[in-house]
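Spelled out from the first residue to the last, the chains are:
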Amino acid sequence: MTSAGATKFSCTGAGCVIYYIHRTVMVLGQKEKLIARLKSKPRDFTFDEAETLLRCLDYRISNKGRTSGSRVMFVSEAHPPILLHKPHPRKELLSYQVKQLIEVLEQEGLL
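Residues numbered from 1 in each chain as written. Predicted model: local features only at pLDDT ≥ 70, side-chain atom pairs only at ≥ 80, totals over all residues. Heavy atoms only, no water.

Engineer: What exactly am I supposed to notice about the confidence of the model for the protein here?
Structural biologist: Fine structural detail should not be taken from predicted coordinates in areas where pLDDT scores are low. Of all residues in the protein, 69% attain a pLDDT of 70 or more, and the chain-wide mean is 76. Note on residues 1-27: pLDDT is under 50 here. Beyond four places in sequence and across chains, it has 12 contacts. (pLDDT = per-residue confidence, 0-100. Contact = heavy atoms within 4.5 Å.)

Dropping the structure here:
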């Protein structure tokens, strides 16, 4: 097996199992890095990073259709929904949004 970026997998026998274990390890590493970054309260934490982190925590975007505008609801079966305003034209969340996200995730025991 080569490095993660250059690895080619054929889905035969145990190869698939190795692939899925390998992919899971990558996701866990990314999740931990995003949690550490969020906890440091950076001024440049982007909406895309928040979305990636919430997806790793088993949240999904609830599509309310075209009328929802820049408000994005993340829902989970195990936790209350999280409503974020998708910033535009910038990509970074405002400091109060980062603080609120940290508070909600800490209250739910996810951080």
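Engineer: Whenever I open this one, the sheet that holds strand S2 (residues 71-75) confuses me. Can you help?
Structural biologist: Sheet strands pair by backbone hydrogen bonding; their relative direction is either parallel or antiparallel. Here three strands make up an open sheet; going across it, the order is S1-S2-S3 and the pairing antiparallel. Of all strands in the sheet, those with a lone pairing partner are strand S1 (60-62) and strand S3 (82-85), marking the two edges. Shown here is a sheet whose adjacent strand axes are inclined to one another by a mean of 40 degrees, direction ignored. Bridge count for S2 against S3 is four bridges, and the pairing is antiparallel. Note on S3: the bridge partner recorded for Arg-71 is His-85. Where helix H2 (residues 47-56) meets the sheet, it contacts S1, S2 and S3, and its direction lies at approximately 165 degrees from that of S3. (Pairing = 2+ DSSP bridges. Helix = DSSP H or I, 4+ residues; strand = E, 2+ residues; numbered from the N terminus. Axes fitted to C-alpha atoms, helices over the stretch in contact; angles between N-to-C directions.)

Engineer: Which parts of the structure should I look at to understand the nonpolar core?
Structural biologist: Across soluble globular proteins, nonpolar side chains have a tendency to be buried as a group. Counting 20 residues, the largest nonpolar core has Leu-38, Leu-54, Tyr-59, Phe-74, Ile-82 and Leu-105 as the members making the most contacts within it. Contributions of two or more residues to this core are made by helix H1 (14-39), H2, S2, S3 and helix H3 (95-107). (Core = buried A, V, L, I, M, F, W, Y, C linked by side-chain atoms within 4.5 Å. Buried < 20%, exposed > 50% of the residue type's maximum accessible area, 1.4 Å probe, protein only.)

Engineer: Honestly, the pattern of salt bridges in this entry has me stumped. Any pointers?
Structural biologist: Pairing is possible between side chains that carry opposite charge, provided their charged atoms lie close to one another. A full pass over the atoms with the stated rule returns three salt bridges. A salt bridge links Arg-37 to Asp-44, with the nearest nitrogen and oxygen atoms 3.0 Å apart. For the salt bridge of Arg-37 with Glu-49, the shortest nitrogen-to-oxygen distance reads 2.7 Å. Highlighted residues: Arg-37 in helix H1 and Glu-49 in helix H2, separated in sequence by 12 residues. Ionic contacts of the salt-bridge type, sharing partners, join the residues Arg-37, Asp-44 and Glu-49 into one network. (Salt bridge = Lys/Arg side-chain N within 4 Å of Asp/Glu carboxyl O.)

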